[in-house]
Amino acid sequence: MKKKLLNFKSIDRICTNCANGRHAPDGDSVLCTEKGVMNSFSTCRKFKYDPLNRIPKQKLSKSVHTAEEFEL
């Protein structure tokens, strides 16, 4: 049985993740082939997920603690 690579329930259904949309030069909108110019956080019925359009969330950097921080 083939394993699913992604949990599609956790993916936001917004235009920035859609296969029909391309990022506009202004950065605040998406150029959609179906609907035209759309807001980047809007959605429509023609949504089709494209993993290459998704911008991953930044990981939190682990800070290095020193012995001085734990002294009283």
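Residues numbered from 1 in each chain as written. Predicted model: local features only at pLDDT ≥ 70, side-chain atom pairs only at ≥ 80, totals over all residues. Heavy atoms only, no water.

Help me out: how do you make sense of the overall build of the protein chain in this one?
Each helix and strand in the protein chain was counted, giving zero helices and three strands. The linear arrangement of helices and strands in the protein chain, starting from the amino end, is β-β-β. The buried share of the protein chain, taken over its 72 residues, is 26%. A separation of at least 24 residues holds for 55% of the contacts in the protein chain among residues at least 6 apart in sequence. Accessible surface computed for the protein chain: about 7,000 Å², of which carbon and sulfur atoms make up 56%. (Helix = DSSP H or I, 4+ residues; strand = E, 2+ residues; numbered from the N terminus. Buried < 20%, exposed > 50% of the residue type's maximum accessible area, 1.4 Å probe, protein only. Contact = heavy atoms within 4.5 Å. Areas by Shrake-Rupley, 256 points an atom, 1.4 Å probe, with all protein chains shown as cover.)

Any chance you could explain the sheet that holds strand β2 (residues 29–32) here in plain terms?
Hydrogen bonds between backbone groups are what pair the strands of a sheet, and the pairing can be parallel or antiparallel. Pairing is antiparallel in the open sheet, where three strands are placed in the order β1-β2-β3. In this open sheet, the two edge strands, each paired with only one partner strand, are β1 (21–23) and β3 (36–39). Recorded for the sheet is a direction-independent mean angle of 35° between the axes of neighbouring strands. Two elements, β2 and β3, share four bridges in a ladder whose sense is antiparallel. Residue Ser-29 lies in a different strand from β3, and its bridge partner there is Asn-39. (Pairing = 2+ DSSP bridges. Axes fitted to C-alpha atoms, helices over the stretch in contact; angles between N-to-C directions.)

Could you clarify how one ought to interpret the side chain of Ser-29 in this entry?
Relative to the helices and strands, Ser-29 resides in strand β2. On the basis of relative accessibility, which here comes to 14%, the residue Ser-29 falls in the buried class. A distance of 3.1 Å separates polar atoms of two side chains, one belonging to Ser-29 and the other to Asp-26. For Ser-29, the contacting residues outside a window of four places in its chain are His-23, Ala-24, Val-37, Met-38 and Ser-40. (Polar contact = N/O pair within 3.5 Å; in protein donor to acceptor, adjacent residues only side chain to side chain.)

In this structure, what is going on with the layout of surface pockets? I would like to understand it.
There is about 420 Å³ of room inside the largest pocket. Residues that form the lining of the largest pocket fall into these classes: eight nonpolar, nine polar and four charged. (1 Å grid on protein atoms, 1.4 Å probe; cavity = no way out; pocket = protein on both sides within 12 Å on 5 of 7 lines; lining within 4 Å. Points joined across faces, edges and corners; volume = space filled by probe spheres on them. Nonpolar A, V, L, I, M, F, W, Y, C, P; charged D, E, K, R; others polar.)

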